[in-house]
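# Observations on the three-dimensional arrangement
As a plain string of letters, each chain reads:
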Amino acid sequence: KKKMSQFPIHTRTRAQESSNAIERIYVTMRHLFNRGFYKPMGVSGETLREALLILRPEIYGSIAEDKIELQGLIYVIDRLPYGIEECRYINLTSDEGYKNSHFQPIIPLKRRRQCYRIDEEQMNIEVTRGRSEIYDILTHLTFLYIESHKIMRQVLINDEGNLIRDWEKLEEAVQKKGKLSQEEKEIALTHTANFLGRTFEEVSEVYPQFSCKEDPDRFLKIIYFLGKGAIAEYLEDEKRLITFSPVLRERLGHHIHGERWAYRIKKELAEKNLLKRPIHIISANMHSVMNTLFAEEALTTEKKGRDVLDLYEMLSNSENQKLRDKVSKKAYANGMIYLKDESGTNIDVQIFDAGKLPSTLYTPKANKAAPVIIVMDYAFGEQAYETMDELLKPLSFKGKRALLNV
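Overview of the structure. If you're wondering where the values come from, they're calculated on a predicted model, not measured in any experiment. The numbering scheme is per chain: residues are counted from 1 as the chain's sequence reads. Reporting of local features is limited, given that this is a predicted model, to residues whose pLDDT is at least 70; pairs of side-chain atoms are given and counted only at 80 or more, and all residues count toward the totals for whole chains, interfaces and linings. Side-chain measures here rest on the full set of heavy atoms in the structure, leaving out hydrogens and waters.

## Focus on helix α6 (residues 182–196)
Definition in use: The helix count covers DSSP runs of H or I at least four residues long, the strand count covers runs of E at least two residues long, and both are numbered beginning at the N terminus. What a helix should span is 1.5 Å times the count of its residues minus one. Each residue gets one of three labels from its accessible area relative to the maximum for its type: buried under 20%, exposed over 50%, partly exposed in between, using a 1.4 Å probe on protein chains only. Residues count as neighbours in contact if any of their non-hydrogen atoms are within 4.5 Å of one another.
End to end, α6 covers 20 Å across 15 residues, agreeing with the expected 21 Å (1.5 Å per residue, within 8%). All buried positions along α6 are accounted for by Lys185, Ala188, Leu189, His191, Thr192, Ala193, Phe195 and Leu196. Along its buried surface, α6 packs onto α3 (70–77), α4 (131–155), α5 (165–175), α7 (200–210) and α8 (218–236).

This is the structure:
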């Protein structure tokens, strides 16, 4: 007989652990969404936190370590609304009419989504792209709150609420009115680096990456308010709360925004007599195809002595707006139609009629209709299926039903 120790012990691979963690994240999020609310750092958010720490996505860097993850923090802050770190209540909503209110929309730097600061404690985030967008927001918020508790553990001395001197010095800098002087900034960064487990050089390098026109000293405030929120959770049991509005829960999965988006495109094609033409759909950002087609022809002066890739590089620089305008002007002159999104999908669209392109770009073929190119801005996760599903459906317009030749 073999002893038990002689049997090979099966150890789970990193890939198996990750697959299991992803499944748990999706199942947990679906449960929390159906429930309508949860506390991300409470018992209800525990499974989500544990799964994220097992998964350790590369974008979140050293999330599973004690030191604060700065690059991951930049990534997340760029995709969440300004001031999110100050808010205890996060409410995920559908498009529920806030754009017609006195609330000013806040649009994150790297995610086109409408957000509204309702009061000092509450931020509303509009979800119009389906479940994938909810997963995106919740994982970012979970990362943010995990990092906030790392800060709390470093600065809280005991359960009586005594805090280390470095934290008190950061608080002084954050509460000071007006812009900090270079000396004040460096003193605050020295104290902050101490409890973040990072060097002065590291925090100095990331400091400008958090700055924005509203607040050049934003990095210090983000660290302060994240830590402050975690301290309140631990000492006062004032837990952060994420809620899902009843309208969002009712509408999710009904293709409301995708249907509006697709109808407008097909209506435009019908009105321009392009609906029966061969149609090609490209998912790309709004300058890629346009620049490929018209950059060389529009920028004849700038092209001299340069490679076409140099032109594209020039156009990718936001400071060269005049060059971008020249390319856009040439594109419109050659029949480009631009549909800025009005549906809530945040997917802009360009339509190119090959029959109106210069002969250097397209040569018509005998007895063959010129194709039409539809360029749609990148869809977000599950939203890609929704928008394509709606776009490929037949159009009912002016009492007629037309099929697309895609």
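## Re the sheet that holds strand β9 (residues 349–353)
Where strands meet in a sheet, backbone hydrogen bonds hold them as pairs that are either parallel or antiparallel. For clarity, the threshold we go by: DSSP bridges decide pairing: two strands pair if at least two such bridges lie between them. Axis definition: a line fitted to C-alpha atoms, limited for helices to the stretch in contact. Angles are taken between N-to-C directions and run from 0 to 180 degrees.
Reading across the sheet, the four strands line up as β7-β10-β9-β8 and stay open at both edges, with mixed pairing between neighbours. With partners counted over all chains shown, the strands left at the sheet margins are β7 (279–283) and β8 (337–339), one partner each. Each adjacent strand pair in this sheet contributes to an overall mean axis angle of 20°, direction not counted. Looking at chain direction, β7 and strand β10 (residues 372–376) are connected through five bridges and run parallel. Residue pairing across strands places Ile282 opposite Val375, the latter belonging to β10.

## Describing the side chain of Glu126
Heads up, the condition is: Asp and Glu are treated as the negative residues and Lys and Arg as the positive ones, with His and the ends of the chain left uncounted. In what follows, salt bridge is the name for a side-chain nitrogen of Lys or Arg lying within 4 Å of a carboxyl oxygen of Asp or Glu.
As for its placement among the helices and strands, Glu126 is situated in strand β5 (residues 122–126). We note that Glu126 is buried and unpaired, the nearest opposite charge coming from Lys99 at a distance of 6.1 Å. Residues in contact with Glu126, not counting those within four places in the same chain, are Thr93, Ser94, Asp95, Glu96, Tyr98, Arg113, Gln114, Tyr116 and Glu133.

## Some remarks on the packing of aromatic side chains
What counts, and what does not: Any two rings among Phe, Tyr and Trp, with Trp reduced to its six-membered ring, count as a pair given centres within 6.5 Å; such a pair is stacked if its planes are under 30 degrees apart, edge-to-face if over 60, and tilted if neither. By the criterion adopted, a ring carries a charge over it if an Arg CZ or a Lys NZ lies within 6 Å of its centre and within 35 degrees of its normal.
Tallied over the full model, the rule gives eleven aromatic pairs. A centroid spacing of 6.0 Å and a plane angle of 65° characterise the contact between Tyr207 and Phe219, whose relative ring orientation is edge-to-face. Here the residue Tyr207 occupies a position in helix α7, and Phe219 occupies one in helix α8, the gap between them amounting to twelve residues. Classification of Tyr207 as buried rests on a relative accessible area of 4%. Exposure remark for Phe219: the relative accessible area of 0% places this residue in the buried category. By way of ring pairs, the aromatic residues Trp167, Phe195, Tyr224 and Phe225 are connected into one cluster. The aromatic ring of Phe37 is capped on one face by Arg35, whose charged end is 4.4 Å from the ring centroid. In this structure, Arg79 packs its charged tip against the face of Tyr75, placed 3.6 Å from the ring centre.

## Focus: the pairing of strand β6 (residues 241–244)
The side-chain alternation of β6 yields one buried face, formed by Ile242 and Phe244, and one unburied face, formed by Leu241 and Thr243. Of the pairings in the sheet, the one linking strand β1 (residues 37–38) to β6 comprises two bridges and is antiparallel in character. From the neighbouring strand, Tyr38 faces β6, where its bridge partner is Ile242. Note: strand β2 (residues 89–93) against β6, four bridges, orientation parallel. Following the sheet pairing, Ile90 is matched in β6 by Ile242.

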